[in-house]
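Okay, here's what each chain looks like letter by letter:
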Amino acid sequence: MTQNLRVKSSEFIDETNRISFKFDGKTYYGFKGDTLASALIANNIHLVGRSFKYHRPRGIMTSGSEEPNAIVQVNPNSNITEPNARATEIEIYEGLEASSQNCWPSVNFDIGGINNFLAPLFPAGFYYKTFMWPKSFWEKYEFFIRHSAGLGKSPNKRDPDIYDHRNIHCDVLVVGAGISGILAARNAAKNNFKTLLLDEKNELGGSTIFEANEDNKINNNLASEWLKKEINELENIKNLEIKTRTSVAAYHQYNYLLARENLTDHLNKKDKKNKIRQRLLKIRAKKVILATGALERPLIFNNNDRPGIMLSSAIKKYSNFYGVACGTKNIFFTNNDSAYESALSLHNKGIKVEAIIDIRENSDAKIIKKITDAGIKIYWSHTIVDTRGYKRIRSISIMRLSNDGTSVTGSKISISCNCLGIAGGWTPAVHLYTQSGSKLTFDEERKIFIPKTDAKEQISVGSCGGDFELDEIITNLNYKLKNFLNIDKTDFEGIALENDHETSKRNIWLLPSDQTIGKTKPFVDYQNDATAKDIKLALREGFRSIEHVKRYTTTGMGTDQGKLGNMHALGIIADTAGIKMGELGTTTFRPPYTPLTFGTIVGRNVGEFFDTFRRTPMNDWHIKNKAEFENVGQWKRSWYYPKEGETMHQAVQRESKAARQSAGILDASTLGKIDIQGSDASEFLNRVYTNAWSKLAIGKCRYGLMLNEDGMVYDDGVTTRLGENHYIMTTTTGGAANVLGKLEDYLQTEWPELDVYLTSVTDHFATASLCGPNSKKILNKIIPDLDLSDDNFPHMSFKEVLIDKINCRIMRISFTGELSYEINAPASYGEAIWQKCIEAGKEFNITPYGTETMHLLRAEKGFIIVGQDTDGTMTPIDLQMDWIVSKKKYDFIGKRSLYRSDTMKENRKQLVGLLTEDPNIVLEEGAQIVSELNQKPVEMLGHVTSSYFSPNLNKSIALAVVKDGKNMKGKKLFIPMENKNISVTVSNTVFYDEKNERLNA
Amino acid sequence: MFLINCPYCGERDQQEFKAGGEAHIERPKQPTELSDDEWAEYLFMRKNIKGVQFERWNHAHGCRKWFNMARDTSNDEIKAIYKMGEKPPTQ
Ligand SMILES: [Zn+2]
């Protein structure tokens, strides 16, 4: 039965603007300004979800981002549905659809609800204890858990919304636009600080704005009326930018904050279109003022989780701000005076308040008299021992509380109600404060954590700083602002303040019942169904650290991060273990303060903008010629060029044969190129490479191996001497940036005396690598004037030439073992030179080949690829490349490490060749190698690093690293695979043209 | 996210920088003269203290210069920034 509980028109709700929305498939109406929660309550709906573990019916508890229960699925029937949204934060719009979560098949009839009756079987640590053992049972549980307990469902289509990022720099950032935040921001702006004021809600004013307490006055006006006037004048203030619907998610060091600005979630579908949905603000502020307020605490008592049980302050907000009664028969349960204000504002609107249950003996506050005058019964020194009502609270049972607060006495009184407001005092919202690295202290008297050591250029004002009374807030704010902003006076100094003061407090973390704790359900974490009983059990089982108790019981681990119950969990632990809360420490509050969507975090970096990628100057040609591409670092490299109907294997076999039999061409533009100049360039190369460089003649090329200081191979490539003091170094494609960084590091920090200049020129040149026995003839057609004889242009030398007036550098170097020329042209002429090679090569059937064929051809020659055949644990000696390590040079990077006892060990893993017994079997790269098949545990000798079927040898070949491999030549080893064992023989690493005769063929 | 005052460029966001480990560890001039233990000391042993630590930083996405930083690891406060070759500040 729906019922209209709208009690009074509110200035914050536009009753002329009726909005229809759907919840769990049914259509309801609300008004512009409503949240989904306020609109549901106006329709008398409290039951909105089921709890995670016991599937207990749960209702709306709060009016803000701390909501643990009213977690809904937005657009449930769409592929772009959004889970875990808080009904208390969703502003309704025409066409909004939402549904309950954790309910299967429906919120009113829930299969998992049976867990509630099986609760004794679900104690703390249940998941750890049961599902982990025996392991085979997991699959059985999994179906049940996934089906009945999931936290909503994730979208399965690409998010169509637009998200954005923006950097903001400001002098003063104020987080929270309650009365403190507004006054702080206004004064900062008036004193010429560029100020940004943020609030997660859509309206300014915090909780003061709907305050109705006649005893709280500023300048003889109701505090709320006074604040409304101040807010209206804010727009005239220069230097002040205000963003609402903006929630600060994270607060990092040096006042760097991340905030989510919600731009369109409250708009209807038509108005949302083509607009940015959310924007991530990356804010660097010179000063930060935290005015994040305080969260009301619940009270922990038996069955404190039924729909209709709400925070007292939330009930006040629903009635004063949204004009909605949460119930028709209300009871408040409190340990402080604030519940009386809520009760009175309900009463003044004609909403019935049945009683107030107060665990204190009495209170001197002025408001008490108003309550008794209103005829509302107060039960002093009483506590709730139980509640009834399955889908909505129906009644409570109360008993007299003993003096020490640990037990109850006397007879039980039952009172019926359909809404219960609970008021357990206030917890300063210090989440962002601690994220920033600031340190808290525990105030044992008031039982709250308050700021102690602030991070630099930061203050906390208002209730997040521990000031709760109006006069205390304003007086301290005045003092703090003057110090922090270094100003003489604020514009609210000396303002007339009038307010009632809290007189007595009584804090009991866990309220007793007439039943033993084992039979009660006092919930501490509503979302994760963690009860006080679970926490006590964890302590009994030996858990002591708060972080461990938290994980074991899952307290505070839901999407709300336990904003409501964390303090109670700490309190119960402290009380049970008999230690002071201050000594217990607090759990860490981690970002984000409220959940962020992935879209907001990613912003515009989606799809092709996810990462930058680099394309070579010949890219268009590759695309036209149907190349398949592979990612190498950020580069898109041609992988192979399949002809019509060819598989990758067929294409690579064809390309590999062509390169050896006639001519092939490879785009090698991606290799890193570093221009090295200076009078000490030769000495520098001597120090960074393992071999000697001083005697390299101008115009000659040399292969070099670079080590880390630990002796392990780091990079390799050919370096050419262009002039007396001028070299060009090539690096691996993936290593280019790191090599440059490493060389700069040594130059700047270890050898600043060397006269050497390094410039990255990778992007300046395009490289076409011509390869094969006919490459000389092709080059001759392109540059007929150049003498290509071995005498004039031998292997490992370089010529600077003009091709069609384009200055090109040609190196005669080879990574395939074939006669090869690398033509380097200025990048903008890369495609033209490439085209020229293709044209000239036509009569020789020149075949473009990609990285896969390049890898195959070099493997036939046993040439390593750093990063494939090496993994940061291989020395040149391990690679059987002793020939490249100079014995004469006194020092080079990594030299000393080659003589460490560990690197000199004989039985290190070493690079070897492997030949399979059956030449048609191609090994899997990464496969493990063993010498015995029946040994257990079997010793892993190493693994396969490169493996191909060689079309030129007509058999499979592989490179591998094997323990003591150098001494194993000819030995039989095994590769155990899933279904078979493959026999292999250890061989030389060079499979093809061992004498290097083809280089000069 | 630190705000780092590059001695050559001024204040920049941390994401422009690369951390380079402990500072003031000089590469031995005569490595071959060192015992395995002495070389290992240079190669592997690094301090990881709670308190003021001296570190190398590189303005990788800026001027690419290396410099030193004194940072309190307990609260991430940057105490001083000084150029390569300069002595660490005493207190
Ligand atoms: Zn710089």
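Residues numbered from 1 in each chain as written. Chains lettered and ligands numbered in written order. Predicted model: local features only at pLDDT ≥ 70, side-chain atom pairs only at ≥ 80, totals over all residues. Heavy atoms only, no water.

1. A closer look at the overall build of chain B
Helix and strand content of chain B: one helix and six strands. Reading chain B from its N terminus to its C terminus gives the helix and strand order β-β-β-α-β-β-β. Seen along its three principal axes, the alpha-carbon backbone of chain B occupies a region of about 45 × 30 × 25 Å. Going through the 91 residues of chain B one by one, you find that 37% of them count as buried. Taking the intrachain contacts of chain B between residues at least 6 apart in sequence as the baseline, contacts between residues at least 24 apart amount to 45%. Total accessible area computed for chain B in this model is approximately 5500 Å², and 46% of it derives from carbon and sulfur atoms. In chain B, which carries 14 positive and 15 negative side-chain charges, the distance between the mean positions of the two groups comes to 5 Å. (Helix = DSSP H or I, 4+ residues; strand = E, 2+ residues; numbered from the N terminus. Buried < 20%, exposed > 50% of the residue type's maximum accessible area, 1.4 Å probe, protein only. Contact = heavy atoms within 4.5 Å. Areas by Shrake-Rupley, 256 points an atom, 1.4 Å probe, with all protein chains shown as cover. Lys, Arg positive; Asp, Glu negative; His and termini not counted. Charge placed at Lys NZ, Arg CZ, Asp CG, Glu CD.)

2. Observations concerning the overall build of chain A
Looking only at helices and strands, chain A has 24 helices and 50 strands in total. Along the longest, intermediate and shortest principal axes, the C-alpha atoms of chain A span 115 × 70 × 55 Å. Taking all 1001 residues of chain A together, the buried fraction comes to 59%. Counted over contacts in chain A with a minimum sequence separation of 6, partners at least 24 positions apart contribute 67%. Put simply, chain A shows about 42200 Å² of open surface, and 50% of that area lies on carbon and sulfur atoms.

3. As for the interface of chain B and chain A
Listed as interface residues are 28 residues of chain B and, on the opposing side, 27 residues of chain A. Counting the surface lost from both chain B and chain A, the interface buries some 2500 Å², and carbon and sulfur atoms represent 44% of this. Together, M1, R27 and R64 of chain B form the three largest contributors to the area buried by chain B at its contact with chain A, with a combined 28%. Across the chain B-chain A interface, the total number found is seven salt bridges. Between K456 of chain A and E77 of chain B there is a salt bridge, and its shortest N-O distance comes to 2.8 Å. For the pair chain B and chain A, the interface holds 23 residue pairs in polar contact (both at pLDDT 80 or more). For the side of chain B that touches chain A, the secondary-structure elements that each account for two or more residues are α1 (36–44) and β6 (77–83) of chain B. Counting residues per element, the side of chain B that touches chain A draws most heavily on α1 of chain B, at five residues. Here the residues of the side of chain B that touches chain A sort into 13 nonpolar, four polar and eleven charged. (Buried area = accessible area lost by both parts, 1.4 Å probe. Salt bridge = Lys/Arg side-chain N within 4 Å of Asp/Glu carboxyl O. Polar contact = N/O pair within 3.5 Å; in protein donor to acceptor, adjacent residues only side chain to side chain. Nonpolar A, V, L, I, M, F, W, Y, C, P; charged D, E, K, R; others polar.)

4. A closer look at the coordination of the zinc ion
All names here are of chain B. For the zinc ion, every protein donor is listed as C6 (SG), C9 (SG), H59 (ND1) and C63 (SG), and the spread of their distances is 2.0 to 2.3 Å. Between the four donor atoms coordinating the zinc ion, the angles at the centre fall across 105 to 114°, so the site counts as tetrahedral. Read N to C, the donor residues that coordinate the zinc ion are spaced as C-x2-C-x49-H-x3-C. Residue C6 is classed as buried on the basis of its relative accessible area, which comes to 2%. (Donors = N, O, S within 2.8 Å, 3.2 Å for Na, K, Ca; no water. Tetrahedral: all angles 85-135°; square planar, octahedral: opposite > 155°, others 65-115°.)

5. Here's the deal with the sheet that holds strand β6 (residues 82–86) of chain A
All names here are of chain A. The strand order across the open sheet built from five strands is β2-β1-β7-β5-β6, with neighbouring strands paired in mixed fashion. Edge positions in the open sheet fall to β2 (26–32) and β6, since each of these has one partner strand only. Averaged over all adjacent pairs, the angle separating strand axes in this sheet is 40°, with direction ignored. Alignment of strand β1 (residues 14–23) against strand β7 (residues 97–100), held across two bridges, turns out to be parallel. The partner of K22 across the bridge, within β7, is E97. (Pairing = 2+ DSSP bridges. Axes fitted to C-alpha atoms, helices over the stretch in contact; angles between N-to-C directions.)

6. What to know about helix α15 (residues 566–577) of chain A
In this model α15 of chain A runs 17 Å from its N-terminal to its C-terminal C-alpha over twelve residues, within 8% of the 16 Å that 1.5 Å per residue would give. Just downstream of α15 of chain A lies G578 of chain A, where phi reads positive at about 70°. (Expected span 1.5 Å × (residues − 1).)

7. Let's talk about the side chain of H568 of chain A
Residue and element names in this part refer to chain A. By secondary structure assignment, the location of H568 is in helix α15. Here the side chain of H568 touches P298 through a polar contact of 2.9 Å, landing on its backbone oxygen. Excluding residues within four positions of it along the chain, H568 makes contact with R297, P298, I300, W509 and V524.

8. Let's talk about empty space enclosed by the protein
All names here are of chain A. One pass over the full model with this rule turns up six cavities of 30 Å³ or more. If you trace the largest cavity, you find 22 residues lining it, with N566, M567, L570, T586 and F589 closest to the centre. Elements with a contribution of two residues or more to the lining of the largest cavity: β25 (426–428), α14 (546–553) and α15. Grouping the constituent residues of the lining of the largest cavity by class yields 13 nonpolar, seven polar and two charged. Residues lining the lining of the largest cavity come from more than one domain, with at least three contributed by each of domain 2 (162–294 + 428–490) and domain 3 (296–424 + 507–584). There is about 110 Å³ of room inside the second largest cavity. For the lining of the second largest cavity, a count of residues per class yields five nonpolar, three polar and three charged. (1 Å grid on protein atoms, 1.4 Å probe; cavity = no way out; pocket = protein on both sides within 12 Å on 5 of 7 lines; lining within 4 Å. Points joined across faces, edges and corners; volume = space filled by probe spheres on them. Domains from an automatic or database assignment.)

9. Some remarks on the packing of helix α19 (residues 648–661) of chain A against helix α24 (residues 851–860) of chain A
Residues and elements named next belong to chain A. Where α19 contacts α24, the axes come no closer than 9 Å and their chain directions differ by 55°. In terms of orientation, α19 lies oblique with respect to α24. With respect to the hand of their crossing, α19 and α24 are arranged in right-handed fashion. Here M648, V652, Q653, E655, S656, A659 and R660 of α19 come into contact with α24, specifically with E852, T853, L856, L857 and E860. In terms of residue class, the contact of α19 with α24 is made up of five nonpolar, three polar and four charged. (Parallel < 35°, antiparallel > 145°, perpendicular 65-115°, else oblique. Left-handed = near helix turned anticlockwise from the far one by under 90°.)

10. Quick look at the sheet that holds strand β5 (residues 66–72) of chain B
Sheets are built from strands paired through backbone hydrogen bonds, the pairs being either parallel or antiparallel. Residues and elements named next belong to chain B. The sheet built from four strands is open, its strands ordered β3-β4-β5-β6 with antiparallel pairing. Each edge of the sheet is formed by a strand with only one pairing partner; in this case those strands are β3 (18–22) and β6. When the angles between neighbouring strand axes are averaged without regard to direction, this sheet yields 35°. Across seven bridges, the pairing between strand β4 (residues 52–58) and β5 is antiparallel. When the sheet's bridge partners are listed, F54 is paired in β5 with A70.

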